[in-house]
Amino acid sequence: MKIAITSTGNSHESNLDSRFGRCSYFVVYDNESHSTEFIPNPNKENVEGAGPASVQLVASRGVKKVVSGEFGAKVKAIFDQLQIQLIVINEPEKKISDIIKLLNH
């Protein structure tokens with residue numbers, strides 16, 4: 001299963017980005033092949049619509065779960081329609097590598 005994680009940077013030592021739509025990177029982690037892909041977020045500077053555009057980006061990658069610090073009301077409704085599960089982690093200092101370890105347990 002593919003899981004998207006919002007990240008402040010493009011390495012496993014980067015921290016979780018608390019903002020979904022305006023995060024710096026999306027980490028797409030596949031818990032079956034254990035592969036990781038870092039995708040720069042092209043929507044982070046959008047004046048409006050960053051959240052819905054980011055939903056389309058992660059959905060186009062076949063993601064079934066998304067991990068972030070928070071999600072806006074608009075994107076929650078879209079994720080519900082797409083049947084993509086949301087996981088909120090309120091620890092902005094949490095490293096991507098630590099989140100991947102949690103997802104593997």
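All values reported here derive from a predicted model rather than from experimental measurement.

(A) Main features of the side chain of Ser 14. Locating Ser 14 in the fold gives a position in the loop between strand 1 (2-7) and strand 2 (25-30). Using a relative accessible area of 9% as the deciding quantity, one classes Ser 14 as buried. Setting aside its immediate chain neighbours within four residues, Ser 14 contacts Ser 7, Thr 8, Gly 9, Lys 94, Lys 95 and Ile 96.

(B) How the structure looks around the environment of Pro 42. Summarising the element assignment, Pro 42 is placed in the loop between strand 3 (35-40) and helix 1 (50-59). Considering only alpha carbons, one finds Pro 42 and Ser 54, 12 residues apart in sequence, at a separation of 8.3 Å.

(C) View of the pairing of strand 4 (residues 63-68). Relative to strand 4, strand 1 runs parallel, the two sharing four bridges. Bridging from a neighbouring strand, Ile 5 pairs with Val 67 of strand 4. Pairing geometry for strand 4 and strand 5 (residues 85-88), over four bridges, is parallel. When the sheet's bridge partners are listed, Ser 68 is paired in strand 5 with Val 88.

(D) Structural view of the packing of helix 1 against helix 2 (residues 73-82). At their nearest, the axes of helix 1 and helix 2 sit 9 Å apart, and the two run at 25° to each other. In this view, helix 1 runs roughly parallel relative to helix 2, as classed from their interaxial angle. The handedness of the crossing between helix 1 and helix 2 comes out as right-handed. On the side of helix 1, the interface is formed by Gly 51, Pro 52, Val 55, Gln 56, Val 58 and Ala 59, while helix 2 contributes Val 75, Ile 78, Phe 79 and Leu 82.

(E) Representation of the sheet that holds strand 5. Taken in spatial order, the five strands make up an open sheet running 3-2-1-4-5, and their pairing is mixed. Strand pairing shows two members of the sheet lacking a second neighbour, strand 3 and strand 5, which therefore form its edges. Recorded for the sheet is a direction-independent mean angle of 20° between the axes of neighbouring strands. Here helix 3 (residues 96-103) sits on the sheet in contact with strand 1, strand 2, strand 3, strand 4 and strand 5, set at roughly 155° to strand 1.

So, how was this worked out
Residues numbered from 1 in each chain as written. Predicted model: local features only at pLDDT ≥ 70, side-chain atom pairs only at ≥ 80, totals over all residues. Heavy atoms only, no water. Helix = DSSP H or I, 4+ residues; strand = E, 2+ residues; numbered from the N terminus. Buried < 20%, exposed > 50% of the residue type's maximum accessible area, 1.4 Å probe, protein only. Contact = heavy atoms within 4.5 Å. Pairing = 2+ DSSP bridges. Axes fitted to C-alpha atoms, helices over the stretch in contact; angles between N-to-C directions. Parallel < 35°, antiparallel > 145°, perpendicular 65-115°, else oblique. Left-handed = near helix turned anticlockwise from the far one by under 90°.

Shape is all these values report; function is a separate question.
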